[in-house]
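Tertiary structure, described
Next come the chains, spelled out residue by residue.
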Amino acid sequence: MSVNSPRGTADIYGEYIKYRDFIISTARELFDIFNFEEIITPAFEYTEVFSRSIGESTDIVHKEMYTFPDRKGRSLTLRPEGTAPVVRSVVEKKMLVPENIPLKLFYIGNMFRYERPQKGRMREFWQLGVEALGSSSTILDAEIIWLLNEIFKRLGFKNLILKINTIGCSKCRNNYIKIFREYIEPRLDYLCADCQRRFKVNPLRIFDCKIKSCKKIVSEGPKIKDYLCKNCSKHFKELISIISDLSINYTISDDLVRGFDYYTGIIFEMASNDLNSAQNALGGGGRYDNLLADFNGPDMPAVGFAVGMDRTALLMRQLGIKYTDIRNKPKSYIISLSEDAGPYIIDVLKQLRNSNIACDIDYSTSGIGSALKKAGKKGFSTALIIGEEEVKNDIITVKDLKSFKQYKVKKNNLVKEVLRITGADQNE
Ligand code: HAM
């Protein structure tokens, strides 16, 4: 039987697991520092959770959802994103009680979109994200952008572009849509078929088009920033001022609208010029002040973002940004040169594992040279060499795989010596 993984999916293993671990541990540490708590929602929801919130006119709902009937004929959809499920859960479980506000939640999960697969664009992909619900504070918006920026900073990125824009409240947006519609109408014949459909349902979605000629028409059109109401304009200026005080680099990006109908007001995206243009966004988010009420929950504002983990790992690898093993724990590789050393090795394994030191044995008989090479490649910090002489004298030869210095240590002192040689005793 020859079976491949479905198109647009990935098996994540080897080095990518290390990048992923680093991305998750970096983000988790920051979620803690910014006081977010974890939420895990199902991988599928009733279809309307997405269709009504993301919007019927969006590409995601129109052509990218994995929707199927269950055995009782109910329509279910594999989640294409994490915001709508979190809002559904917060409303259903009545989490927004006064003592919980603002409710700050984070999630890590796989998402599903039936897109045309390309490098960095998959049909199953992983996101980590945050949602802060119940406050319209500009400081909260700034904190969310700060957190997004800090994740990428701590991962080691240097040249990312943080784009910020506002799409205004429903009042200024409706006014703008009217003007934008008037601008587009005489140019409709020059837009692609998708944009002509978008024009009918929600002209703002024309901004999502990736086709050059459509993009050009949009870029020459009216800008929402010129139609903001007093409140939205003030909110945006305040945010920009706080972001500047935080020394965060940003660009105000006129034509950023983001492809979800639930957004209101501030939106932002973290992008890289090093990824090709169709999918250069590593993360994005914004305010969605009406979504809780749309789910029949309390009429409260909210803001959040999500980061694409696969794309982030891909770019780290492409740019040569190394993952750091933030725990930096010693890891020992046992190389046996004696056939009768079994019980001796078991005793060594027991000592190390009982002291929480990771270790493994080389089961191959390909010689010490290739075993040492393997240990170095697999990220072990020390090799523990056990031959007849070691067994006879109750010692172990410890090779530091960084400095290549070699030590003979007493078996009973092994744990202490491994910690000392690798410098891990300094981290305690
Ligand atoms: P989004 O911009 O659709 O936002 O997705 C966030 C990130 O997920 C993107 O910047 C990208 O890195 C990654 N991503 C999206 N689609 C794919 C794909 N097909 N393959 C690989 N990576 C992908 C949201 O999902 C919103 N829920 C964010 C949000 C949270 N807004 C408010 N709160």
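Note that the structure is a prediction, hence the values are computed from the model and not measured.

The next subject is the domain arrangement of the chain. We note that the domain assignment places domain 1 (15-169 + 229-318) and domain 2 (331-427) within the chain. Measuring from the centre of the C-alpha atoms in domain 1 to the corresponding centre in domain 2 gives 46 Å.

Moving on, we come to the side chain of threonine 382. Within the secondary structure, threonine 382 is located in strand 14 (residues 382-386). Residue classification places threonine 382 among the buried positions, given a relative accessible area of 0%. There is a polar contact of 2.8 Å between the side chain of threonine 382 and the side chain of serine 332. Setting aside residues up to four positions removed in sequence, threonine 382 forms contacts with Lys331, Ser332, Tyr333, Val398, Lys399, Asp400, Leu401, Val418, Ile421 and Thr422.

Moving on to the packing of helix 5 (residues 138-155) against helix 9 (residues 230-245). Put simply, helix 5 and helix 9 touch, their axes get as near as 9 Å, and they point 45° apart. The orientation of helix 5 with respect to helix 9, classified from their angle, is oblique. For the crossing formed where helix 5 meets helix 9, the hand is right-handed. Here Thr138, Ile139, Asp141, Ala142 and Ile145 of helix 5 lie close against helix 9, whose contacting residues are His235, Glu238, Leu239, Ile242 and Ile243. Looking at the contact of helix 5 with helix 9, its residues break down into six nonpolar, two polar and two charged.

Here isoleucine 361 is to be found in strand 13 (residues 358-361). In this structure isoleucine 361 comes out as buried when scored by relative accessible area, which is 14%. Along the chain, isoleucine 361 and tyrosine 333 lie 28 residues apart, while their C-alpha atoms are 5.7 Å from each other. Non-local contacts of isoleucine 361, meaning those with residues more than four positions away in its chain, are made with Tyr333, Ile334, Ile345 and Leu349.

Turning next to the sheet that holds strand 7 (residues 161-166). The pairing of strands in a sheet happens through backbone hydrogen bonds and is either parallel or antiparallel. Across the sheet, which stays open at both edges, the eight strands sit in the order 1-5-6-11-10-9-7-8 with mixed pairing between neighbours. The two strands at the open ends of the sheet, each matched to only one other strand, are strand 1 (37-38) and strand 8 (251-252). Judged from the two bridges that link them, strand 7 and strand 8 form a sheet pairing that is parallel. The partner of lysine 163 across the bridge, within strand 8, is threonine 251.

In the neighbourhood of the ligand, 27 residues make up the surrounding shell, with Glu81, Glu115, Met122, Glu131 and Tyr263 lying closest. Glutamate 81 places a polar side-chain atom, nitrogen or oxygen, 2.6 Å from a nitrogen atom of the ligand. At 3.1 Å, a backbone N or O of leucine 282 approaches an oxygen atom of the ligand. Computed on the free molecule, the ligand has an accessible area of 660 Å², of which 96% lies beneath the protein chains in the complex. Listing elements by their share of the shell around the ligand, those giving two or more residues are strand 6 (124-133), strand 10 (281-287) and strand 11 (302-308). Of the residues in the shell around the ligand, the class split is eleven nonpolar, nine polar and seven charged.

Criteria and cut-off values
- Residues numbered from 1 in each chain as written.
- Predicted model: local features only at pLDDT ≥ 70, side-chain atom pairs only at ≥ 80, totals over all residues.
- Heavy atoms only, no water.
- Domains from an automatic or database assignment.
- Helix = DSSP H or I, 4+ residues; strand = E, 2+ residues; numbered from the N terminus.
- Buried < 20%, exposed > 50% of the residue type's maximum accessible area, 1.4 Å probe, protein only.
- Polar contact = N/O pair within 3.5 Å; in protein donor to acceptor, adjacent residues only side chain to side chain.
- Contact = heavy atoms within 4.5 Å.
- Axes fitted to C-alpha atoms, helices over the stretch in contact; angles between N-to-C directions.
- Parallel < 35°, antiparallel > 145°, perpendicular 65-115°, else oblique.
- Left-handed = near helix turned anticlockwise from the far one by under 90°.
- Nonpolar A, V, L, I, M, F, W, Y, C, P; charged D, E, K, R; others polar.
- Pairing = 2+ DSSP bridges.
- Near = heavy atom within 4 Å.
- Areas by Shrake-Rupley, 256 points an atom, 1.4 Å probe, with all protein chains shown as cover.

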